[in-house]
Structure formats: structure tokens, C-alpha cells
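Structural description and commentary
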Amino acid sequence: MKKILCVLLSLIMSASLIAIPLSAQAETKYWVDMNFAKDNIEGLRNYIKTKGSTNDDGDKYIQYYYEKFNYNYLIIYETKTGALDFWADFDGDEYVDMYYAYPNVNPELLVNLGSSYVLAKADFDVNYYNYQDINLTVTKANGDYSNEDVQHYGNLSLKAAIEGWNNCLIDNTSYTLASIGFNSLCNHNLTRSYYAATLGSDGLIEDYCYKCGYHEDTDIPCVSKVKLSKKSFTYNGKTQKPSVTVVDSKGNIVSAENYNVSYSNSGSKKVGTYGIYISFIGSKYSGSVSYTYQITPKSTSISSLKGAKKKINVKYKKQTSQTNGYQIQVATDKAFKKNKKTVTVNKNKITSASVASLKAKKKYFVRVRTYKTVNGKKVYSDWSKVKTVKTK
């Protein structure tokens, strides 16, 4: 009786990893897509044939040993027949042998009940097999047993064997029972793991079932662009900051909940250069990136332009808000590349200047801009509209 209880407890423990409420399993079948199962079982057969270990019979095999209960699981490629044999050995007394012959699976079960044993056969078509209902047919018996015992312990043994074979595949191959056709093995209690995407590499969301090894992978495209709505603002006395749009490598906009945006000066009203920092948060993205943007002075315009002997006299509108001075530029071409000269006026109250040492009787293009010195560097406004004048 003690041994019966030990066997029962060990079987229950081994089966508990895949245990699902029976009501949820009423319509479960091993192979849902027969073509899928056939194609993948051929792949597994070839995998074990080429990469498995060799036993004394010259057959190839992969193995999973569950040390806690002394359970041994083997998936064997028989070199003589080319068939796959699924073998589960429980304490050396009880075993489940499932020989694969597509589309039928015909396992033999030896259920050890103390000093008694029973050899039973389970014939079922994978198209119609019901997970909770295996009908075992006794082929050989020794000692006392009941049909109820055979059905109960036989079902537990087969379920424990299925769990062990799945672990055998996971430990040794790129296959799982799900991948070779056991699509509905369990209700998939999925655990989600995140491998964050960065600005240079894709990430991954992995949903993994630790019961059967089933997993679903979802790519997280890397961040390809961080766009600022504007990189330059004209001073207006108000706080001005660019908005941020993040785009992934697939061209999709990344939701703002995945990053924080901060600014070097939250009260960025004055003329100057400011930093903007984008830090990725949460599980999907990691890393950070920074940019700069400017607030430039208000521009001015030319109010008067006169040509003199080898010089030009320029008047422009006064601009004192966030401005230290002006810059006048002249050239003999509208691209301001030929015979260019620049004059700087260092006081914002001075509204006129002369540009001398020019060529006589030559047409010049003229433009003006303002500037403000911030931390030792000049920040310039946009150029005024270009006007022309001819020297004397």
C-alpha cells in the first residue's frame, strides 16, 4: 500500500506541472493541424538522426533526466526502421513507450501497483484524441488491480511522460511538443519578458509558457528618429520649447508613454542655446539622447541705403530687446560669396553704419541682422531682406 501511495504521489507531482482544470480541457486534442505535425515530426526525426547520441543498439537519442524523482525521458531515432520512439521511464518499474506511426500514436503503458503490474495499450487517432479521456486496453496483467486503477494511473503516467518529453525537446533541440504538433498541450500560462529596444538595435517581447515551452515572440523595432518640432525660435518674451516625436525603424510613431522629455531651462524665454533630453523608460525601450535648440534675437530691416564713394551708408531699425548689436554684410553677388565684407556694430542703440573700402561704381547686395552675446558666443537673428545699392 505504501508503494502504491508513493507511486501515486510521484505521478501527481510529475503531472502537476501540466495540470489544467478538466473543464478547460474537454475539447483539447494533441494535433490540431495534421500537415503541420507531419512536416515538423520529419524535421525532428532528422535532427535526432544527425545530432543525437548513440546507444548500444546503434540508435540515436536525446535525453532528459529529472533527478528529483529519478525519471528518465528519451526520444529515440531507430536507425533500422527510421521511426521515432518516445520513452519515459519512472523509477525503473513503470514506463510509457509511445511509438510514432503517423497519423496514429500507440503508446504502451506499464503501470506499477505495488507488487502488481499491468501492461496496457492505448490506441487513439490524434485527430479525435481527448486529453482527459484515454481508454486503456489491458494486454497483460499480474497481481491484483482494478480497471479504475489502470485508467487513473495510466492517464497520470501518460501525462507525466508528455511533460518529460517536452522538457527533453526543450533541453536538447530547437523543438517543443507544441512545435511538432502538440498545439493544445496546455492552456499556456504565459510569462512575459521584455528585451528593450535601443536607438540602434531591435528589442523583443517574449511570451513563454514554462509548462510546455510554447513561446510567442514580438519584435520591438528600434528607434530610428527623434524629431524636434523646431530647432530655432525667435525671441517673443514667452517660454518656447520644441515638441518631440519619436519614430521607430518601421515608420511608426512611438507612444509618448515610453519616454520622458526634459529641458535644460524650463523657463527658456531669453535668447540662448538650450538642451532637450529624451530618456526612454519602461520595459520596451532603453537609452537616452540629447539635442539643442536656440532662441534667437528678433531681426531688423534696412530702412535706408545710400551709395557713396567706394562705400555704402546703411540705416536700419533699432532692436533693443535681447539684442547687443548688429551685423551688416555686403557682397557683389546675392549668394554673398564674392567680395564679401562684414561690419559689426557693438551697441544696440546705434542704427546706422558705413561699409568702406569697396569697389567704385559697383552694385552691392546688402543685408543686416541682430545678435546677442550669450556665454561668450554670439547668437544671431535671421538676416533681413536683401537690398541693393551702387557705389560711386
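Sequence order sets the numbering: in each chain, residues are counted from 1 along the sequence as written. It should be noted that, the model being predicted, local features are given only for residues of pLDDT at least 70 and side-chain atom pairs only at 80 or more, the latter also being counted only at that level, while totals for whole chains, interfaces and linings use all residues. As a rule here, side-chain values cover all heavy atoms of the structure and leave hydrogens and water aside.

A short note on the overall build of the chain
Note on conventions: DSSP H or I runs of at least 4 residues are helices, E runs of at least 2 residues are strands, and numbering of each starts at the N terminus. Within the chain one finds three helices and 26 strands. Counting across all 392 residues of the chain, residues that qualify as buried make up 44%. Of the contacts made within the chain by residues no fewer than 6 positions apart, 52% connect residues no fewer than 24 positions apart. For the chain, the computed accessible surface area is about 20,800 Å², with 45% contributed by carbon and sulfur atoms. Think of it in three bands: with a 1.4 Å probe and only protein chains considered, a residue is buried below 20% of the maximum accessible area for its type, exposed above 50%, and partly exposed in between. Should any heavy atoms of two residues lie within 4.5 Å, those residues are counted as being in contact. Surface exposure here means Shrake-Rupley accessible area, sampled with a 1.4 Å probe, where a residue is shielded only by the protein chains that are shown.

Structural notes on the pattern of salt bridges
For this document, the term salt bridge refers to a Lys or Arg side-chain nitrogen within 4 Å of an Asp or Glu carboxyl oxygen. Following the criterion strictly, the structure yields two salt bridges and no others. The salt bridge partner of Arg45 is Glu42, with a shortest N-O separation of 2.8 Å. You can see Arg45 and its partner Glu42 sitting in helix 2 (residues 34-51), three residues apart, about one turn around the helix. Judged by its relative accessible area of 13%, Arg45 is buried.

Overview of the sheet that holds strand 19 (residues 302-308)
Think of it this way: DSSP has to see at least two bridges between two strands before they count as a pair. Pairing is antiparallel across the open sheet formed by three strands, whose spatial order is 19-20-23. The open sheet terminates on both sides in strands that have one partner only, identified here as strand 19 and strand 23 (352-355). Neighbour-to-neighbour, the strand axes of the sheet open up by a mean angle of 15 degrees, direction not taken into account. Only the stretch in contact is used when fitting a helix axis, every axis being a line fitted to C-alpha atoms; angles between N-to-C directions are given from 0 to 180 degrees.

Focus on unusual backbone geometry
In this model, Gln322 sits at a positive phi of 50 degrees, which is unusual for a non-glycine residue. By the element assignment, Gln322 lies in the loop between strand 20 (311-316) and strand 21 (325-331). Despite not being glycine, Asn339 shows a phi value in the positive range, around 50 degrees. Looking at where Asn339 falls in the secondary structure, it is placed in the loop between strand 21 and strand 22 (341-345). Taking the relative accessible area as the measure of exposure, Asn339 reaches 39% and is therefore partly exposed.

Let's talk about the pairing of strand 3 (residues 71-77)
Side-chain positions along a regular strand alternate between the two faces of the sheet. Burial analysis of strand 3 places seven of its seven residues in the buried class, the great majority of the element. Across seven bridges, strand 2 (residues 60-66) lies against strand 3 in antiparallel orientation. Residue pairing across strands places Ile62 opposite Ile75, the latter belonging to strand 3. Strand direction decides the pairing type here: strand 3 and strand 4 (residues 84-90), joined by seven bridges, are antiparallel. Looking at strand 4, one finds that Tyr71 is bridged to Phe90. Two successive antiparallel strands, strand 3 and strand 4, enclose a turn made up of six residues, where Gly82 displays a positive phi of approximately 75 degrees.

A look at the environment of Ser193
Within the secondary structure layout, Ser193 lies in strand 10 (residues 190-195). In this structure, the C-alpha to C-alpha distance between Ser193 and Asp207, residues 14 residues apart in sequence, is 6.4 Å.

Topic: the sheet that holds strand 14 (residues 232-234)
Spatially, the four strands line up as an open sheet ordered 14-18-17-16, and their pairing is mixed. Each edge of the open sheet is held by one strand with a lone partner, namely strand 14 and strand 16 (259-263). Strand-to-strand twist in this sheet, taken as the mean axis angle between neighbours without regard to direction, amounts to 25 degrees. Pairing geometry for strand 14 and strand 18 (residues 288-296), over three bridges, is parallel. Counted as the bridge partner of Thr234 is Thr296 from strand 18.

A short note on the packing of aromatic side chains
A pair of aromatic rings is counted whenever rings of Phe, Tyr or Trp (Trp by its six-membered ring) have centres within 6.5 Å, and the orientation is called stacked for planes under 30 degrees apart, edge-to-face for over 60 and tilted otherwise. Scanning the model with the defined rule gives 16 aromatic pairs in all. With a centroid separation of 4.7 Å and an interplanar angle of 85 degrees, the aromatic rings of Tyr71 and Phe90 are classed as edge-to-face. Remark: Phe90 occurs in strand 4 and Tyr71 occurs in strand 3; sequence separation between them is 19 residues. Each of the two residues, Tyr71 as well as Phe90, counts as buried.

Such coordinate-based values are descriptive only and should not be taken to indicate function.
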